[in-house]
Amino acid sequence: MKLTRILKAKAAMALVAVFGVVATSLPAVADDLIADIQKRGTLKVGMSTFVPWAMRDKQGGLIGFEIDVATKLAADMGVEVEFVPTAWSGIIPSLLAKKFDVIIGGMSITPQRNLTVNFTTPYAHSGQMMAANTKLAGNYTTIADYNQASVTIACRRGATPCKAAQKLFPKSTLRQFDDDAQAFQEVVNGNAHAMVSSAPKPRFWSEAYPNEVFVAFDGENLTRGNEGFALRKGDSDALNFFSNWIVVNTSSGWLKDRHDFWFKNRSGWKDMVKLEQ
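Engineer: For this particular structure, what's the right way to read the pattern of salt bridges?
Structural biologist: For side chains bearing opposite charge, pairing can occur when the charged atoms are close. Evaluated as defined, the whole model comprises 9 salt bridges. A salt bridge links K72 to D76; its shortest N-O distance comes to 3.3 Å. Of the two residues, K72 and D76 both sit in helix α3 (residues 65-77), 4 residues apart, roughly one turn of that helix. The closest approach of N and O atoms between K201 and D180, which form a salt bridge, is 2.6 Å. Placement of the pair is K201 in helix α10 (residues 201-206) and D180 in helix α9 (residues 180-188), with a sequence separation of 21 residues. The buried category is assigned to K201, whose relative accessible area is 1%. For D180, a relative accessible area of 4% puts it in the buried group. Sharing partners across several salt bridges, the network here consists of R156, D180 and K201.

Engineer: Can you help me understand the sheet that holds strand β9 (residues 173-177) in this one?
Structural biologist: Strands in a sheet are paired, the pairing made by backbone hydrogen bonds, and the direction either parallel or antiparallel. The mixed open sheet is built from 5 strands, whose spatial order is β9-β8-β10-β7-β11. The open sheet has two edge strands, β9 and β11 (213-215), and neither has a second partner. Put simply, the sheet's adjacent strands are angled 30 degrees from each other on average, direction ignored. Summarising the sheet, strand β8 (residues 152-156) and β9 pair through 5 bridges and their orientation is parallel. If you follow T152 over to β9, its bridge partner there is T173. Strand contacts of helix α8 (residues 160-168): β7 (128-133), β8, β9 and β10 (194-198), with the helix running at about 175 degrees to β9, the strand carrying the most contacts. Across the sheet, α9 touches β7, β8, β9, β10 and β11, and the angle it forms with β10 is around 150 degrees.

Engineer: Mind showing me how you'd approach the nonpolar core here?
Structural biologist: Nonpolar side chains tend to gather and get buried jointly when the protein is soluble and globular. Counting 45 residues, the largest nonpolar core has L43, F65, I104, Y123, F229 and F242 as its most contacted members. Counting only elements with at least two residues in this core, the list comes to α2 (33-40), β1 (42-47), α3, α4 (91-96), β5 (102-103), β12 (230-231), α11 (236-251) and α12 (254-263). It is α3 that provides the largest number of residues to this core, a total of 6 residues. Non-local contacts of F65, meaning those with residues more than four positions away in its chain, are made with P52, W53, Y123, A124, L255, R258, H259, W262 and F263.

Engineer: When you look at the packing of α3 against α12 in this model, what are you seeing that I'm missing?
Structural biologist: Helix packing for two helices is described by the angle between their axes and how far apart those axes are. Put simply, α3 and α12 touch, their axes get as near as 9 Å, and they point 155 degrees apart. The angle between the axes of α3 and α12 places the two elements in the roughly antiparallel class. Between α3 and α12 lies a crossing whose hand is right-handed. Within the contact between the two elements, α3 uses F65, D68, V69 and K72 and α12 uses W254, L255, R258, H259, W262 and F263. Class assignment of the residues belonging to the contact of α3 with α12 gives a composition of 6 nonpolar, 1 polar and 3 charged.

Engineer: In this structure, what is going on with the packing of aromatic side chains? I would like to understand it.
Structural biologist: Centre-to-centre distance and the angle between the planes together describe a pair of aromatic rings. Evaluation of the coordinates by the stated rule reveals 19 aromatic pairs. Their ring planes at 50 degrees and their centres at 4.9 Å tell us that F184 and W205 sit as a pair that is tilted. Taken together, the residues F184 in helix α9 and W205 in helix α10 connect sequence positions 21 residues apart. For the pair formed by F184 and W205, the shared burial category is buried. Three or more aromatic residues joined by ring pairs make a cluster, and in this case those are F50, W53, F65, W88, Y123, F229, F241, F242, W245, W254 and F263. Seen from the ring of W254, K72 lies directly overhead, with NZ or CZ sitting 5.6 Å from the centre. Taking the ring centre of F50 as reference, the NZ or CZ of R156 above it sits at 4.2 Å.

Engineer: Where do I start with unusual backbone geometry in this structure?
Structural biologist: The general pattern is negative phi for most residues beyond glycine and trans for most peptide bonds. Cis geometry is found at the peptide bond from V51 to P52, where omega equals -10 degrees. Within the fold, P52 resides in the loop between β1 and β2 (55-56). Residues A199 and P200 are joined by a peptide bond in cis, for which omega reads 10 degrees. A positive phi is found at K98, a non-glycine position, where the angle reads about 65 degrees. Relative to the elements of secondary structure, K98 occurs in the loop between α4 and β5. Despite not being glycine, D218 has its phi angle at roughly 55 degrees, a positive value. Its place among the elements puts D218 in the loop between β11 and β12.

Conventions used here
- Residues numbered from 1 in each chain as written.
- Predicted model: local features only at pLDDT ≥ 70, side-chain atom pairs only at ≥ 80, totals over all residues.
- Heavy atoms only, no water.
- Salt bridge = Lys/Arg side-chain N within 4 Å of Asp/Glu carboxyl O.
- Helix = DSSP H or I, 4+ residues; strand = E, 2+ residues; numbered from the N terminus.
- Buried < 20%, exposed > 50% of the residue type's maximum accessible area, 1.4 Å probe, protein only.
- Pairing = 2+ DSSP bridges.
- Axes fitted to C-alpha atoms, helices over the stretch in contact; angles between N-to-C directions.
- Contact = heavy atoms within 4.5 Å.
- Core = buried A, V, L, I, M, F, W, Y, C linked by side-chain atoms within 4.5 Å.
- Parallel < 35°, antiparallel > 145°, perpendicular 65-115°, else oblique.
- Left-handed = near helix turned anticlockwise from the far one by under 90°.
- Nonpolar A, V, L, I, M, F, W, Y, C, P; charged D, E, K, R; others polar.
- Phe/Tyr/Trp six-rings, centres within 6.5 Å; stacked < 30°, edge-to-face > 60°.
- Lys NZ or Arg CZ within 6 Å of the ring centre and 35° of its normal.

Here you go:
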């Protein structure tokens, strides 16, 4: 009897061990973001205002390329869209904290960001452009001219332009601001030689200050970017859906049409917004 009890105990322990291994080897159940959005009836989109991706019109409403993209995405999902304006420097932490479902804000795909969030296939391809002060940098024509310790370059904190500026102009003094408008104003005021921002914003802004500011390098972009939606990791179904939505709307020409409307020139919308955004 004693031997029987010992054998039963060992068998029970073996079963516990087996089930424990099986349990720990099973994948964790991922969040089902698409189901959550449909159940809630609202797609929550994290974004930050910068021309012409997302802007406030004169009535305080949101307009811009990102606004069009997110609005159509929500409509195609059969839900409403809710925009969550967020400071750019904290937008990824806010996504991870589940303050919204997705970032649709002209975010460039980078390996560093991809360690923290997942990116969809690109839905836009922009780049960085430079606006410069006429008095301070009117004779500058090359990268080397701007890449000097005596040169001050402004950019938006936490955004791709600052990374581009650091890479292209490592010897220059970099001044970082919370938004592009502040960075550009430093150039207008003569406190910075130049500022780097996503195209075409430096060109649009420079039009309002033709005597003080010019677009460096004859308007050529400093870099070429790939922008994607950013999502929390662990939900392959959501990533698949959003990426395929981009593929469909790229093939149909809808994304190009809206991008051209907002980026090629301001004739269709410049009277709706204030330039200093």
